[in-house]
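Coordinates in review
Single-letter residue listing:
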Amino acid sequence: MLQSAALLWALTAAAHATPVQGRSEASAQTAVATDTRSMHARLADEVQTLLRKRATERFANAQISVRTQPLDPRLNLAPCGELDLSPRSDNVYGRIPVAIRCLGPQPWSVFLTGDVSVTLPVVVASQSIARGSQLAAADLALEPKDLSRLRNQYLTSLEPAVGKETRSPLQPDGVIYANMLKEPLAVHRGEKVTILAKRGPVHIRVRGEALQDGMKGAQIRVKNGQSERTVHAWVQG
């Protein structure tokens, strides 16, 4: 009888001990999950701060936003005292991978990608513009655009575009790039021109005729109206 009572007590004790062990393991797993989320959040914050700083240094007056792509939640990273962050792109906007190294006490490394949006007013066409048109200020406007969606050579002020000639038709609200424009012709083939020749202190002016089109600063062939000779001259405008 005593033996049966002892056995019964042992089984009862074991039954009560099992849930305690289960709760302990669950608590440990919860702690690990919390530490993982905390470390992932820290890395995201560090990367966003770094990328925002780089973009602000380049575009002080722009609207800047930074997002990071989440790490795999199954990736457990040990707590880290000192982090080293190294962007792997010279660009300050768009998709930028960042190498992160933990320098101790338990070193590890991981990559985290940031998406940086820089919004800045850029020059657009305010209306439909035909090819070969000479642009006036009224043809242009400034509209905020996400630079990561643009090509290089966008313009941030109207001045470089005013007076230029369009190489192709432009659509309303279409972004205008520098390579879409060219200097207008300052002289046309067959146009009467004045040829200025300098010899020391002596300046000689004669009438002539342009034998080809030319932009300001270009060298073109010109026929001297007096001698009928063809000479080369630089277009002064």
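Residues numbered from 1 in each chain as written. Predicted model: local features only at pLDDT ≥ 70, side-chain atom pairs only at ≥ 80, totals over all residues. Heavy atoms only, no water.

**Concerning the overall build of the chain**
- Scanning the chain for helices and strands turns up one helix and 13 strands.
- Counting helices and strands in the order they occur from the N terminus, the chain gives α-β-β-β-β-β-β-β-β-β-β-β-β-β.
- The buried share among the 237 residues of the chain stands at 32%.
- In the chain, the share of contacts with a sequence separation of at least 24, taken over all contacts with a separation of at least 6, comes to 50%. (Helix = DSSP H or I, 4+ residues; strand = E, 2+ residues; numbered from the N terminus. Buried < 20%, exposed > 50% of the residue type's maximum accessible area, 1.4 Å probe, protein only. Contact = heavy atoms within 4.5 Å.)

**As for the nonpolar core**
- Counting 44 residues, the largest nonpolar core has Leu-43 and Trp-108 as the members making the most contacts within it.
- Among the secondary structure elements, those contributing two or more residues to this core are helix 1 (2-58), strand 1 (63-68), strand 3 (94-102) and strand 4 (108-125).
- The leading source of residues in this core is strand 4, at 10 residues. (Core = buried A, V, L, I, M, F, W, Y, C linked by side-chain atoms within 4.5 Å.)

**Observations concerning the state of the cysteines**
- Tallying each qualifying case throughout the model produces one disulfide.
- Covalently, Cys-80 is tied to Cys-102 through a disulfide, its sulfur atoms 2.2 Å apart. Between Cys-80 and Cys-102 the sulfur-sulfur dihedral comes to about 110°; the bridge is accordingly right-handed. With Cys-80 in the loop between strand 1 and strand 2 (83-87) and Cys-102 in strand 3, this pair connects stretches of sequence that are 22 residues apart. (Disulfide = S-S within 2.5 Å.)

**A word on the environment of Val-118**
- Its place among the elements puts Val-118 in strand 4.
- Take Val-118: its relative accessible area is 0%, and that puts it in the buried class.
- Sequence separation of Val-118 and Lys-145 is 27 residues, and the distance between their C-alpha atoms is 8.1 Å.
- Setting aside chain neighbours within four positions, we find Val-118 in contact with Ala-55, Phe-59, Ala-62, Gln-63, Ile-64, Val-92, Tyr-93, Lys-145, Asp-146 and Leu-147.

**Considering unusual backbone geometry**
- Along the chain, Gly-104 connects to Pro-105 via a cis peptide bond; the corresponding omega equals 5°.
- In this structure, Pro-105 sits in the loop between strand 3 and strand 4.
- If you check the backbone angles, Gln-153 has positive phi at about 75° while not being a glycine.
- Positionally, Gln-153 belongs in the loop between strand 5 (140-146) and strand 6 (165-166).
- Its identity as a non-glycine residue notwithstanding, Asp-173 has a phi of 70°, on the positive side.
- Mapping Asp-173 onto the fold places it in the loop between strand 6 and strand 7 (181-182).
- Classification of Asp-173 as partly exposed rests on a relative accessible area of 41%.

**Digging into the packing of aromatic side chains**
- Scanning all chains against the criterion turns up one aromatic pair.
- On the basis of an interplanar angle of 55° and a centroid distance of 6.1 Å, the ring pair of Phe-59 and Tyr-93 is categorised as tilted. Residue Phe-59 is located in the loop between helix 1 and strand 1, and its partner Tyr-93 is located in the loop between strand 2 and strand 3; the two are separated by 34 residues in the primary sequence. The pair formed by Phe-59 and Tyr-93 is uniform in burial state, with each residue classed as buried.
- The ring of Tyr-177 has Arg-151 sitting right over it, with the charged end atom 3.9 Å from the ring centre. (Phe/Tyr/Trp six-rings, centres within 6.5 Å; stacked < 30°, edge-to-face > 60°. Lys NZ or Arg CZ within 6 Å of the ring centre and 35° of its normal.)

**Concerning the pattern of salt bridges**
- The final tally for this structure, using the stated rule, is 12 salt bridges.
- Measuring nitrogen to oxygen at the nearest pair gives 2.8 Å for the salt bridge that ties Arg-74 to Asp-72.
- Between Arg-101 and Asp-84 there is a salt bridge, with its nearest N and O atoms 3.6 Å apart. With a gap of 17 residues between them, Arg-101 in strand 3 and Asp-84 in strand 2 connect regions that are remote in the sequence.
- By relative accessible area, which is 45% here, Arg-101 ends up partly exposed.
- Overall, the relative accessible area of 30% leaves Asp-84 in the partly exposed class.
- Bridged by salt links that share partners, the residues Arg-67, Arg-95 and Asp-115 form one connected network. (Salt bridge = Lys/Arg side-chain N within 4 Å of Asp/Glu carboxyl O.)

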